[in-house]
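Examining the three-dimensional arrangement
Below, each chain spelled out in residue letters.
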Amino acid sequence: MDHIPADHPRLAEVAIPAALRLAALHFGQGHLNERVEVDSQNEIGELAQSFNQMASDLSTSLVTRDYVESIIESLAEGVVVLDDAGRIERVNGAMRLICHAAALGELAGLSLNDVFVADGDLDAMTANLQASQGIEVSLRGKKNPPTLVTLSASSIPLGNGKK
């Protein structure tokens, strides 16, 4: 295989598409500050410039997951995020205080029935959440003294058709 000098004009034709592909992958993973260095004025360079403009426009208009996480964490009300199986995926600081849990690790993976006592089957209620408009139920914590909690829950539809 021939060696291509670093200043060879055709090197940009190979390097920019590879860099653009890598930048697109990183951007798709949520790294919204990802940009491509543009050294070429041909069609590949124009494509890289278009990618950079698109990335800039999207990064200023999209709400990042970190931003949403910080809002949830700062709420004074307890927030619990359940996965599709009805297991606890995330709780905010207020809910950790309510549940007397020092860290998410103490609650992650548990069902609401594992953490609270209700007048009914919480697992069944949360399973029907996607079909219903939501639920509201009073709960008691399992630890003494029991904490009284009112749970209001609803499914949040995501842009990809999932909830």
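What you see is a predicted model; the values in this text were computed from it and never measured.

**A look at the overall build of the protein**
Each helix and strand in the protein was counted, giving six helices and five strands. In sequence order, the protein lays out its α and β elements as α-α-α-β-β-α-α-β-α-β-β. Across the 163 residues in the protein, those meeting the buried criterion constitute 26%. Of the contacts made within the protein by residues no fewer than 6 positions apart, 29% connect residues no fewer than 24 positions apart. Total accessible area computed for the protein in this model is approximately 11,100 Å², and 55% of it derives from carbon and sulfur atoms.

**Brief notes about the layout of surface pockets**
Within this model, the second largest pocket holds a volume of roughly 170 Å³. Every residue lining the second largest pocket is counted, 14 residues in all, and those nearest its centre are Cys99, Leu107, Val115, Lys142 and Lys143. Each residue belonging to the lining of the second largest pocket can be placed in one class, and the counts come to seven nonpolar, three polar and four charged.

**What to know about the side chain of Arg90**
Looking at the element boundaries, Arg90 is found in strand 2 (residues 88-91). Within the local environment of Arg90, its side chain forms a polar contact with the side chain of Glu73, the two groups lying 3.3 Å apart.

**What to know about a nonpolar patch on the surface**
A cluster of nonpolar side chains, namely Val63, Tyr67, Val68, Ile71 and Leu75, defines an oily patch on the protein surface of about 430 Å² accessible area. Within the element layout of this structure, Val63 appears in the loop between helix 2 (43-61) and helix 3 (65-74).

**Digging into the nonpolar core**
Ile88, Cys99, Leu107, Val115, Phe116 and Leu139 are the most contacted members of the largest nonpolar core, which has 13 residues in total. Put simply, the parts of the chain that give this core at least two residues each are strand 2, helix 5 (112-115), strand 3 (116-118) and strand 4 (135-141). Ala23, Phe27, Val36 and Phe51 belong to the second-largest nonpolar core, a separate cluster that totals eight residues.

**Focus on the environment of Gly109**
Its place among the elements puts Gly109 in the loop between helix 4 (93-98) and helix 5. Assessed through its relative accessible area of 41%, Gly109 is described here as partly exposed. For Gly109 and Leu82, which are 27 residues apart along the polypeptide, the C-alpha to C-alpha distance reads 8.9 Å. The residues touching Gly109, leaving out its near neighbours within four places in the chain, are Arg87 and Ile88.

**Remarks on the pattern of salt bridges**
Taken as a whole, this structure holds four salt bridges when the rule is applied. A salt bridge links Arg90 to Glu69; the nearest nitrogen and oxygen atoms lie 2.1 Å apart. A residue pair is termed long-range when its members are at least 10 positions apart, and Arg90 in strand 2 and Glu69 in helix 3 qualify at 21 residues. Since its relative accessible area comes to 14%, Arg90 is described here as buried. Between Arg90 and Glu73 there is a salt bridge, with its nearest N and O atoms 3.3 Å apart. Taken as a pair, Arg90 in strand 2 and Glu73 in helix 3 lie far apart in primary sequence, 17 residues in all.

The rules behind these values
Residues numbered from 1 in each chain as written. Predicted model: local features only at pLDDT ≥ 70, side-chain atom pairs only at ≥ 80, totals over all residues. Heavy atoms only, no water. Helix = DSSP H or I, 4+ residues; strand = E, 2+ residues; numbered from the N terminus. Buried < 20%, exposed > 50% of the residue type's maximum accessible area, 1.4 Å probe, protein only. Contact = heavy atoms within 4.5 Å. Areas by Shrake-Rupley, 256 points an atom, 1.4 Å probe, with all protein chains shown as cover. 1 Å grid on protein atoms, 1.4 Å probe; cavity = no way out; pocket = protein on both sides within 12 Å on 5 of 7 lines; lining within 4 Å. Points joined across faces, edges and corners; volume = space filled by probe spheres on them. Nonpolar A, V, L, I, M, F, W, Y, C, P; charged D, E, K, R; others polar. Polar contact = N/O pair within 3.5 Å; in protein donor to acceptor, adjacent residues only side chain to side chain. Patch = residues over 30% accessible without salt bridge, like charges linked within 9 Å, V, L, I, M, F, W, Y side chains within 5 Å. Salt bridge = Lys/Arg side-chain N within 4 Å of Asp/Glu carboxyl O. Core = buried A, V, L, I, M, F, W, Y, C linked by side-chain atoms within 4.5 Å.

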